[in-house]
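Structural characterization, general
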Amino acid sequence: NKGTLVGGLFGGRSVLDRYFLAWRLYSNMLSSLHKREVWLSGLLPTLQQQVVDERLRREALEEQIRIDRRRADELAVVHAEARQVGNLLTQKLAQEQQALRAEVEATRRTFDA
């Protein structure tokens, strides 16, 4: 029984058969690994582009948030100025209205006398 192996994984196969079986298992494993490597290599540019796109979207969103905050600050300043102008106009209108009432009252007294 030279060149044969009794029992075990190869169950009595000759040395040549064992090497052939080992070569087939090894080549099948490498083929499978090679296919997976090719698939992953093909997927890599897509994933890299998705990472870049996501980074650009995040940067654009952060920039939009900065712009919105700046606009909100500007609007707050404009709103405060408009409120101040509105208050001044209200005061001026009240003063002019009071002056007109006083003038109307003086004119009435003149005609009544």
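A brief look at the structure comes next. Not measured: the values here are computed from a predicted model.

This brings us to a nonpolar patch on the surface. Residues Y26, M29, L30 and L33 make up a contiguous nonpolar surface patch of roughly 400 Å² in combined accessible area. Tracing the backbone through its elements, the reader meets Y26 in helix α1 (residues 15-112). Y26 sits in the partly exposed class, given a relative accessible area of 48%.

A few words on the pattern of salt bridges. Side chains carrying opposite charge are able to pair once their charged atoms draw close together. Using the criterion set out here, one finds five salt bridges in the structure. The partner of E54 in a salt bridge is R57, with the nearest N and O atoms 2.9 Å apart. Here the residue E54 and the residue R57 both occupy positions in helix α1, the gap between them amounting to three residues, near one helical turn. Between R58 and E62 there is a salt bridge; the shortest N-O distance is 3.8 Å. Of this pair, R58 and E62 are both found in helix α1, four residues apart, which corresponds to roughly one turn of the helix. A relative accessible area of 46% means that R58 is categorised as partly exposed. Here E62 falls in the partly exposed class, since its relative accessible area comes to 37%.

What counts and how
- Residues numbered from 1 in each chain as written.
- Predicted model: local features only at pLDDT ≥ 70, side-chain atom pairs only at ≥ 80, totals over all residues.
- Heavy atoms only, no water.
- Patch = residues over 30% accessible without salt bridge, like charges linked within 9 Å, V, L, I, M, F, W, Y side chains within 5 Å.
- Areas by Shrake-Rupley, 256 points an atom, 1.4 Å probe, with all protein chains shown as cover.
- Salt bridge = Lys/Arg side-chain N within 4 Å of Asp/Glu carboxyl O.
- Helix = DSSP H or I, 4+ residues; strand = E, 2+ residues; numbered from the N terminus.
- Buried < 20%, exposed > 50% of the residue type's maximum accessible area, 1.4 Å probe, protein only.

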